[in-house]
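The chain contents come next:
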Amino acid sequence: MNLSNMYQEVILDHYKSPRGKGLQETFGGEAHHVNTTCGDEITVRVQLSEDGNSIKKISYDSTGCSISQASASIMFEQIDGKNLTDFNKSSEEFLAMMQSKGIFEPDEDLLGDGVSMIGVAQYPARIKCALLSWMAAKDAIIRAKGE
Amino acid sequence: MTISDSKIKLDIKKIQLDFPILAREVRNNRKLIYLDSAATSQKPQVVIDAQNRFYETINSGVHRGAYYLAELATDAHEHAREIISGFINIKPDQLIFTKNATESINLLSYAFLNATLKSKTDASVDRRLVLSPGDEILASELEHHANLVPWQELCLKTGAVLKWIPITDQGLLDYSKVDELIGVKTKIVSISHMSNVLGSITDIDLIRKAAKSVNAFFFIDACQSVPHMPVDFTKLGADAIVWSGHKMLGPLGIGLLAATTELLDIMPPFITGGSMIETVSMQKSTFAKAPKKFEAGTPPAAEAVGLGAAVEYLQKIGMKNVHDHERHLTKLMVDGLKNIEGVTIYGPTDDTDRGSTVSFALNGLHPHDVGQVLDDMGIAVRVGNHCARPIMDKLKVQSTTRASTYIYNDDSDIEALLNGINEVFKFFGAR
């Protein structure tokens, strides 16, 4: 099945055993995003470091399909504790990959297990699923900065 | 009558040949198994040809121009109106062409808003259309957003209050609540004929009697019923019904409103401009009679002609035959789903009369993932909330997988779906 391009083992693994799922009580900014086509939802909370330059703690809770759940789990692994410059680089790389229609050589240093999402980029209807958590994280960071 | 009693007279293999899209391959060079007709139906060649022929041979502005082509185009447009109005047993001037069923419902809701606004300065406005704060509009919890949001908006603008018939945990209308929800303040009752999520059919007689007992206007969203079963406007007893062309083998871009002459006479227009006027001066205008009053601007004439061809195609098959065939497929589908461990079906699963739209869940799996794996096998189903979010909340699900049939589906399509579902479980190692 060509489907195994999309549903790579690593994705199914994150889906079945999501990393870091569950909201932290302490946070500086929160964002709630919904994928209107399927109703998938995610809440992301971000606590920035005191200097405001890095993500001290990111947490999330979400419901949705395997792609959106795996993507959130991978994002958590990749950006928890990272500085904001690294987050932006990873986030931009991920967005570029998802918009590439699958013709892209993702940087594993920036994306970690996120490189496994390259197959999803070939399915336009699923790109939003993969991006949901990253977009919510971006929003939560903006809100954390604003306070 | 149970399904097993009904004879399947249709030659489905022959019908399938009329639909060119069914011959194409989809992902992985798979044969297309189209089970999303509740969203939009496929089109037979005669519809595609009729629409093309309009553009190839008579394209011109309808209802204007004294030249030959304009006459032919106008005739074709109005002939389509005759065919379609005959299909649901109304006079041609009771049928309004719109863009889609959503616009048809907005045409109704805006008539009330416009009448309410105009009534402040215009004594000729019919008071039955004027809403006051505290007046009530009754819908139901199983409505498609198209038969919900326009009424919410009307309430916001007029101070009217939206009420709704709740649904049971099984997703069926709770008729026991109707009496207490309808009262002297109820001005509008608008309800769907067949659920686009669950396939359940509404007890129209019961709702009509309740609505008429308080002289409320009674509207029906017939999007899922008119394409799939015999519908006679006069028997429904509604003041207006709406539906769409593209769900009944017709082109995209054309919707319908059928209404009583009385209602069409008193409703102010929704969209104004060219083609819908009687006289125009720089100060004011007067409007044409229905149907023109509600058809401002250049109409989708080729689409109307295509839809006329679709109706003739359905009439040849016979709507009772359409419904019987789909009942047969629905029974196959529901019985098959019941036999698969780990599947939950939403909506009626017994032999009650119902439409062919079946919503279900594969326990532990997200509909988007289900749909994706089915797609890999060439099977097109709908996943999501089906523009009916309140039902999802009631069923306590985020979304469902929905399969729906039409006359071009056969037993093998249902078998493919059932096999596909087993493959989905296998793929995700669930169950």
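Residues numbered from 1 in each chain as written. Chains lettered and ligands numbered in written order. Predicted model: local features only at pLDDT ≥ 70, side-chain atom pairs only at ≥ 80, totals over all residues.

Undergrad: Break down the overall build of chain B for me, with residues and values.
TA: Helices and strands together make up the secondary structure of chain B, namely 14 helices and 17 strands. Since a compact globule built from 431 residues should have a radius of gyration of about 22 Å, the 22 Å found for chain B is in line with a globular shape. Across its three principal axes, chain B shows a C-alpha extent of roughly 70 × 55 × 35 Å. Burial analysis of chain B (431 residues in total) assigns 52% to the buried set. Once local pairs closer than 6 in sequence are excluded, the contacts in chain B between residues at least 24 apart make up 70%. (Helix = DSSP H or I, 4+ residues; strand = E, 2+ residues; numbered from the N terminus. Rg over C-alpha atoms; globule rule 2.2 N^0.38 Å. Buried ≥ 20, exposed ≤ 12 C-beta atoms within 10 Å, placed from the backbone. Contact = placed C-beta atoms within 7 Å.)

Undergrad: I'd like to hear about the interface of chain A and chain B, residue by residue, with values.
TA: Listed per partner, the contact involves 11 residues of chain A and 13 residues of chain B. The residue makeup of the side of chain A that touches chain B, split by class, is 5 nonpolar, 6 polar and no charged. (Nonpolar A, V, L, I, M, F, W, Y, C, P; charged D, E, K, R; others polar.)

Undergrad: Now, about the packing of helix α2 (residues 9–16) of chain A against helix α3 (residues 66–79) of chain A: what can you tell me, with residues and values included?
TA: Residues and elements named next belong to chain A. Following both chains from N to C, one finds α2 and α3 inclined at 85°, their axes separated by 8 Å at the closest point. Taken together, the axes of α2 and α3 are roughly perpendicular relative to one another. Contacts between α2 and α3 involve I11, L12, H14 and Y15 on the former and, on the latter, S66, Q69, A70, S73 and I74. (Axes fitted to C-alpha atoms, helices over the stretch in contact; angles between N-to-C directions. Parallel < 35°, antiparallel > 145°, perpendicular 65-115°, else oblique.)

Undergrad: Which residues make up unusual backbone geometry, and what values do they have?
TA: Both trends apply: most residues other than glycine have a negative phi, and most peptide bonds are in trans. Residue and element names in this part refer to chain B. Looking along the chain, the bond that leaves A290 and enters P291 is cis, with omega of 5°. The residue P291 is located in the loop between β12 (285–287) and α10 (301–317) in this model. Even without glycine at this site, N29 takes up a positive phi of about 55°. As for its position among the elements, N29 is in the loop between β1 (25–26) and β2 (30–31). Judged by local crowding, N29 falls into the exposed class, with 7 C-beta atoms found within 10 Å.

Undergrad: I'd love a proper account of the sheet that holds strand β10 (residues 255–259) of chain B, names of residues and values included.
TA: Residues and elements named next belong to chain B. The 7 strands lie next to each other as β4-β10-β9-β8-β7-β5-β6, forming an open sheet whose pairing is mixed. Here the strands that pair on one side only, and so sit at the sheet edges, are β4 (95–98) and β6 (161–165). Taken pair by pair, the neighbouring strands of this sheet meet at an average axis angle of 20°, ignoring direction. For strand β8 (residues 217–221) and strand β9 (residues 240–244), the ladder comprises 3 bridges, and the chain directions are parallel. Its bridge partner being in β9, D221 is matched across the sheet by V242. Sheet contacts for helix α7 (residues 204–213): β7 (186–192) and β8; angle to β8, the most-contacted strand, approximately 155°. (Pairing = 2+ DSSP bridges.)

Undergrad: Which residues make up the sheet that holds strand β14 (residues 358–362) of chain B, and what values do they have?
TA: Residue and element names in this part refer to chain B. Pairing is antiparallel across the open sheet formed by 4 strands, whose spatial order is β13-β14-β17-β16. Every other strand in the sheet has two partners, leaving β13 (343–346) and β16 (382–384) as the edge strands with one partner each. Looking at each pair of strands side by side, their axes are set apart by 30° on average, direction ignored. Sheet analysis places β14 next to strand β17 (residues 400–403), joined by 3 bridges and oriented antiparallel. Counterpart to V358 in the pairing with β17 is A403. Together, β14, β16 and β17 form the strand contacts of helix α12 (residues 367–376), whose direction differs from that of β16 by roughly 160°.

Undergrad: Break down the packing of helix α4 (residues 101–118) of chain B against helix α5 (residues 149–158) of chain B for me, citing the residues and quoting the values.
TA: Two quantities define a packed helix pair, namely the angle between the helix axes and the distance between the axes. Residue and element names in this part refer to chain B. Axis separation between α4 and α5 bottoms out at 9 Å; the angle between their running directions is 10°. Here α4 is positioned roughly parallel relative to α5, judged by the angle of their axes. Seen from α4, the contacting residues are I105, N106, S109, F112, L113 and T116; seen from α5, they are P150, W151, E153, L154, K157 and T158. Residue composition of the contact of α4 with α5, by class: 6 nonpolar, 4 polar and 2 charged.

Undergrad: Explain the domain arrangement of chain B residue by residue, including any values.
TA: All names here are of chain B. In terms of domains, chain B is made up of domain 1 (3–31 + 319–428) and domain 2 (49–315). For domain 1 versus domain 2, the distance between C-alpha centres works out to 29 Å. Tallying the contact residues gives 24 residues for domain 1 and 20 residues for domain 2. Elements represented by at least two residues in the side of domain 1 that touches domain 2 include exactly α11 (319–338), β14, α13 (389–395) and β17. The leading source of residues in the side of domain 1 that touches domain 2 is α11, at 5 residues. Taken together, the residues of the side of domain 1 that touches domain 2 sort by class into 10 nonpolar, 8 polar and 6 charged. (Domains from an automatic or database assignment.)

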